[in-house]
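What follows is each chain in one-letter form.
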Amino acid sequence: MIFSKFNLAFTSATYHATDVRRKLLVVWVSFILLLIVVSINDFLFFRIENEYVLMMISLYGLSYLFGVSGNNFYEAFKISIAVFSISFVMNQFNLIGGGDVKFLFPLILFAENHWFEFIWGTAIGGIILAIAYICFRKEIFSLRMRIIKCLFDIKKKKSRVLRLILLSLFRIKKSSAMSEKCDIDPWKQEIPYGVALSCGGMLVVLDVMSR
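Residue positions are given per chain, counting from 1 as you read along its sequence in written order. Local features in a predicted model are, by the rule used here, given only for residues with pLDDT of at least 70; side-chain atom pairs are given and counted only at 80 or more, and totals for whole chains, interfaces and linings are based on all residues. The side-chain values count all of the structure's non-hydrogen atoms but skip hydrogen atoms and water molecules.

**Student:** Can you help me understand helix α6 (residues 137-155) in this one?
**Tutor:** Note: α-helices contain 3.6 residues per turn, so residues at a spacing of three or four share the same orientation. By definition, any uninterrupted DSSP run of H or I lasting at least four residues is a helix, any uninterrupted run of E lasting at least two residues is a strand, and each is numbered from the N terminus. Given the number of residues in a helix, its expected span is that number minus one, multiplied by 1.5 Å. For α6, built from 19 residues, the straight-helix expectation of 27 Å at 1.5 Å per residue is met to within 8% by its first-to-last C-alpha distance of 26 Å. Exposure classes here rest on a 1.4 Å probe applied to the protein chains alone. A residue is buried below 20% of its type maximum, exposed above 50%, and partly exposed in between. Of the residues making up α6, those classed as buried are I140, F141, R144, M145, I148, L151 and F152. For α6, the arc enclosing every buried residue in end-on projection is 135°, short of the 170-degree limit, so these residues lie on one face. α6 presents K138 and R146 as exposed residues on the side facing more than 90 degrees away from its buried surface. What the arc covers is the set of directions going from the helix axis to the C-beta atoms.

**Student:** For this particular structure, what's the right way to read a nonpolar patch on the surface?
**Tutor:** A contiguous nonpolar patch, built from L25, V29, L33, I36, I40, M55, V161, L164, I165, M202 and M209 and spanning about 890 Å² of accessible area, is present on the exposed surface. For the nonpolar patch, the elements supplying multiple residues, two or more each, are α1 (2-45), α7 (160-165) and α9 (193-209). Per-element accounting of the nonpolar patch gives the leading share, 5 residues, to α1. On the secondary structure map, L33 appears in helix α1. Patches draw on residues past 30% relative accessible area with no salt bridge. Two like charges within 9 Å are joined, as are two nonpolar side chains (Val, Leu, Ile, Met, Phe, Trp, Tyr) within 5 Å. Method for areas: the Shrake-Rupley scheme with a 1.4 Å probe, in which residue coverage is limited to the protein chains shown. Salt bridge, as applied in this entry: a Lys or Arg side-chain nitrogen positioned within 4 Å of an Asp or Glu carboxyl oxygen.

**Student:** How should the pattern of salt bridges be read in this particular structure?
**Tutor:** Should the charged atoms of two oppositely charged side chains come close, the side chains can pair. By the definition in use, this model includes 5 salt bridges. Close ionic contact of K78 with E75 constitutes a salt bridge, the shortest N to O distance being 3.9 Å. Pair noted here: K78 and E75 are both in helix α3 (residues 73-92), with a separation of 3 residues, about one helical turn. Given the relative accessible area of 36%, E75 is considered partly exposed. Connected via shared salt-bridge partners are R47, E49, E51 and R171.

**Student:** Which parts of the structure should I look at to understand the nonpolar core?
**Tutor:** Across soluble globular proteins, nonpolar side chains show a tendency to be buried alongside one another. We define the nonpolar core as a collection of buried residues of types Ala, Val, Leu, Ile, Met, Phe, Trp, Tyr and Cys that are connected through side-chain atoms lying within 4.5 Å of one another. With 28 residues, the main nonpolar core has W28, F31, M56, F103, L107, F110 and F118 as its most contacted residues. A per-element tally of this core places helix α4 (residues 98-111) first, with 8 residues. The contact rule is simple, with two residues in contact once any of their heavy atoms fall within 4.5 Å. Those residues in contact with F118 that sit more than four places away from it in its chain are L104, L107, I108, A111, L197, G200, G201 and V204. Core analysis: the next-biggest nonpolar cluster, separate from the first, contains 13 residues, L151, L162, L169 and A177 among them.

This is the structure:
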């Protein structure tokens, strides 16, 4: 009888642990995919679509219900609001892009107890990105133009998957996407810092999954 109860408790605990791991995997894999999608859109078109931000907020809500996130929700929410407010003011002075402002909100919610990893990952990603754009701006420009041209050709096939992954492709005209020049002052050129923010998010995921 005692052995039976012990076996039942052990089975229940094992099932619960497996269920938690499964939910954890679903949430963080979805989060990584969204980060990749946002990075691609920002790199190619310097746009972070509202739909992706809303998807990320919805994913956070789902992770909260799963018990994966939310251990420090109130603190994270207050910091998210504060950072959003400061970033919004900075955006009015063209110190930060509007897309980055809204992207920061769900990222900080997900970061919760991993502030150091998020800030460190974003800083390193931003530095590498800035150096790359300063040193290899012509090569990066050429690569972007080739990819954009190819994507606009594929766009004619009306792929639903492509529309989901590259919303910006369907929100911007080809003439506008191809009008950028690469001979501008490297210190004044636009840099897709959404990619750097995604690096911060990736480091958060790495830290969570390694524990």
